[in-house]
Amino acid sequence: MKIEEIKDLELKHSASHVLAMAVKNIYPTVKLGIGPAIANGFYYDFDFATPIKMEDLPKIEAEMQRLIKQGLVLEAIEKTRADAKKLLEKQKEPYKLELLNDIARGEKIMFYKLDNFIDLCAGPHLAKIDKIKAFKLTQITGAYWRGDSKSKMLTRIYGVAFNKQSELEAYELQQEEIKKRDHNRIGRELELFTAVDLVGQGLPHMMPKGAKILQILQRFVEDEEERRGYMHVKTPLFAKKELYELSGHWNYYKDGMFVIGNELLDDEVFALRPMTCPFHFFIYKQGIKSYRDLPIRYGETSTLFRNESSGEMHGLTRVRQFTLSEGHIVLRSDQIQQVIDECVDLIKYMMNILGIADKITYRLSKWDSNNRAKYIGKAEDWERSQNELRSVLQRHKLEFVEVDGDAAFYGPKIDLQARNVYGKEDTILTIQLDFALGPKYEMTYMNEQGERVAPVIIHRTSVGCYERTLAMLIENTMGAFPVWLSPTQAVIMGISNRHDDYVENVYAKLKHENIRIEKDIRAEKVGYKIREHTKSKVPFILIAGDKEAETNTISIRTREGEDLGSMTADEFIKLIKEKVDKFQ
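Residues numbered from 1 in each chain as written. Predicted model: local features only at pLDDT ≥ 70, side-chain atom pairs only at ≥ 80, totals over all residues. Heavy atoms only, no water.

## A look at the sheet that holds strand β5 (residues 110-114)
- Ordered in space as β4-β5-β6, the 3 strands form an open sheet in which the pairing is antiparallel. Every other strand in the sheet has two partners, leaving β4 (74-78) and β6 (117-120) as the edge strands with one partner each. Going from strand to strand, the sheet's axes swing by 25 degrees on average, the running direction of each strand aside.
- Judged from the 4 bridges that link them, β5 and β6 form a sheet pairing that is antiparallel. Each bridged residue has a counterpart across the sheet, and for K113 the counterpart in β6 is I118. (Pairing = 2+ DSSP bridges. Helix = DSSP H or I, 4+ residues; strand = E, 2+ residues; numbered from the N terminus. Axes fitted to C-alpha atoms, helices over the stretch in contact; angles between N-to-C directions.)

## Quick notes on the environment of E548
- Tracing the backbone through its elements, the reader meets E548 in helix α17 (residues 546-551).
- According to the relative accessible area criterion, E548 is buried, its value standing at 9%.
- Sequence spacing of E548 and V491 is 57 residues, and the spatial spacing of their C-alpha atoms is 16 Å.
- Here the side chain of E548 touches G545 through a polar contact of 2.8 Å, landing on its backbone nitrogen. (Buried < 20%, exposed > 50% of the residue type's maximum accessible area, 1.4 Å probe, protein only. Polar contact = N/O pair within 3.5 Å; in protein donor to acceptor, adjacent residues only side chain to side chain.)

## Section: the packing of aromatic side chains
- Within the structure shown, the criterion is met by 19 aromatic pairs.
- Taken together, a centroid distance of 5.0 Å and an interplanar angle of 25 degrees make the contact between Y44 and F46 stacked.
- Taken together, Y27, Y44, F46 and F48 form an aromatic cluster joined through their ring pairs.
- When the ring centre of Y43 is taken as reference, the NZ or CZ atom of R156 above it lies at 3.8 Å.
- Above the face of the Y284 ring, K289 is positioned so that its terminal group lies 4.8 Å from the ring centre. (Phe/Tyr/Trp six-rings, centres within 6.5 Å; stacked < 30°, edge-to-face > 60°. Lys NZ or Arg CZ within 6 Å of the ring centre and 35° of its normal.)

Structure, rendered in structure tokens:
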């Protein structure tokens, strides 16, 4: 670890101790949990007798500031196990006692003393807390003790700490920018999606505008895939457990699946599908295939289900039901480089069209050869497939990192990673190379010698999970989608109600040309309506008054406030269609 990283860790860790001392001073009966430094700050877990709220944070911050100004020294104290236990029992700290019991025999037991506050902790810390020049408490959440859902829910207070006030100010500016781009906020404000507690966490509802964006995107993806040789199929949403037992998903992935029925009581147990590969394999098996038939490309806009933990779910980026641009290519081993090239070309094309190519990083996710129990297949197949994927990345001159142990249980993969506005990294797309599942499902083709041979399989996506991609698009555009993807491309309004008939005529003409247009004939002032639709990020606002009705034109404004002057309806139709054709 670099010296700068150690100093940053000391700063954050020390701030968590100041937080704990301040909370203890204000709420003497509180019980202390853990308080580590984390990548973007620190937190401390507390067991309050009466829950606190965000409104209580300024009071805690004020007490922390008072303590920091005193320039107290953080003093390291080593204790024997017996003395440590005695102290924690005296302090009535049950969570700390549990942590003490987990410290291995022979390992040092360290406490840190800050004036009259003593806390079990291994460090590292600053020598004096007045080196914490700037800090802020940012959030309160619930957190199960030690991450165990069967344990008590504690209160977690998050914070950030810096060496300079200017660093805190820069952080606060960054947080404002994050709020502007947060897809959860924008998506709800623009009525793209919503969530319903009664339905369940991780099950977003796409509202008409959000559903329209997904419809446009899905049609575009399916058309492009078909142009590139994919045949689209449709398969069941759930299947018997025996299907997943055959592939290994039941053994390796069961905890991530929604199971229907009870294995002990029911004759038939089913599971909602977390992927479509086994279904596509059985479509392939309908009829004998020749080496001349390969590669065969199957695609499906598939609804999938994965049992994500409640703590992992967030907006549209991680959900329990989602839609995937899923595809499986069945091929000969001599076609691997060619076909993966095609997959990379398709993905690069999609990322460029969506305007997020610069947000993507590449990762080669490999197996862990020291943990063979996690994977199926032969070692030589794993090494070959990893080399094949590496070769493609290198040939395309893509910068990438290699990560051991992140492969799927049946094969390595190229992962395309992207960070959301909060800095959380998610996998957007994958290309997986699989030598193992073909033989398991007895998939074959006839080679040139007339022998039955197991094919290789590539699992891949074009734009990944549509919901996650939509979240990225919202954050990247701040809701101002390009014209081709905007759920509403234009809105037309009259200056007064006497222009309603003309507005209706222009609206009908544009609608007939498949322009996604709305009309606003409410009895409101035109300025109010313009502001409202500008806030809704509609690309074009069309205005009709006496002059426009006389000249058979419409005045055009953009959502950015630019006045494009007057156009005929035909001229505006041409403008829109040119932008759609250019994916603008």
